[in-house]
Amino acid sequence: MRKALSRKLAIYPGTFDPVTNGHIDIIERCSKLFSQVIVAILINTDKAPLFSVDERLTMLRSVTWKRFRNITLDTFDGLLVDYAMRKKASAIVRGIRAISDYEYELQMALMNRRLEPRIETVFMMPAEAYSYVSSKLVREIFMLGGSVKGLVPVVVEQKLRDKRAL
Ligand code: PNS
């Protein structure tokens, strides 16, 4: 028997290393569109992240807690569509900043559709102010001693400063 998927539940997956103001913008937008959203951090054992999964969860928790009542946080490994099916979600949300994101995102969305046709990918655009903000650039700026003020939540700025002090 086929599982019924919840039309109201979406997954917003990502690495979130670290969460940026662009991610928060997308979280806010999808919290208005869907009844429930699971922000799901990929446990990626291949990459060497700047922040551990626990640190990323803690930062996400502190910026979403109380502000978004319909957002929950989780971690996952394996295929995203398998995770989404386990949660009975009907949609995967991905943020698209510029055309340059589109090619990779389209490829991923179509591959996910091939793997699981019942799950739709929904692309959302963040505010223009965040169209050039990425976790990768934030990490690079931090590594090179630059300021990431305004690009990430204050708690992330603080965590970056703590890392620098280590
Ligand atoms: O924040 P990111 O790094 O752009 O997120 C990428 C993510 C986590 C969405 C993607 O790597 C993913 O879904 N990984 C899980 C493994 C998977 O399902 N791979 C097949 C994708 S078509």
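First, a word on scope: everything that follows refers to the structure included in this document. (Residues numbered from 1 in each chain as written. Predicted model: local features only at pLDDT ≥ 70, side-chain atom pairs only at ≥ 80, totals over all residues. Heavy atoms only, no water.)

1. A few points about the sheet that holds strand β5 (residues 120-124)
And step 1. If you walk across this open sheet you meet the five strands as β3-β2-β1-β4-β5, and the pairing is parallel. Each end of this open sheet is capped by a strand with a single partner; those strands are β3 (71-76) and β5. Shown here is a sheet whose adjacent strand axes are inclined to one another by a mean of 30°, direction ignored.
And step 2. Inspection of the sheet shows strand β2 (residues 36-42) paired to β3 by six bridges, in the parallel sense. For L42, the partnering residue across the bridge sits in β3 and is F76.
And step 3. Sitting on the sheet, helix α2 (residues 53-64) is in contact with β2 and β3, with an inclination near 170° to β3.
And step 4. The strands that helix α3 (residues 80-87) touches are β1 (6-14), β2, β3 and β4 (89-95); relative to β1, the one it contacts most, it runs at about 145°. (Pairing = 2+ DSSP bridges. Helix = DSSP H or I, 4+ residues; strand = E, 2+ residues; numbered from the N terminus. Axes fitted to C-alpha atoms, helices over the stretch in contact; angles between N-to-C directions. Contact = heavy atoms within 4.5 Å.)

2. Points about the pattern of salt bridges
Where side chains of opposite charge bring their charged atoms close, a pairing between them can arise.
And step 1. Counted under the stated rule, the structure contains 11 salt bridges.
And step 2. In this structure, the salt-bridge partner of E28 is R67, at a minimum N-O distance of 3.3 Å. Here the residue E28 occupies a position in helix α1 (residues 21-33), and R67 occupies one in the loop between α2 and β3, the gap between them amounting to 39 residues.
And step 3. By relative accessible area, E28 is classed as partly exposed at 29%.
And step 4. R67 gets classed as partly exposed once you look at its relative accessible area, which sits at 49%. (Salt bridge = Lys/Arg side-chain N within 4 Å of Asp/Glu carboxyl O. Buried < 20%, exposed > 50% of the residue type's maximum accessible area, 1.4 Å probe, protein only.)

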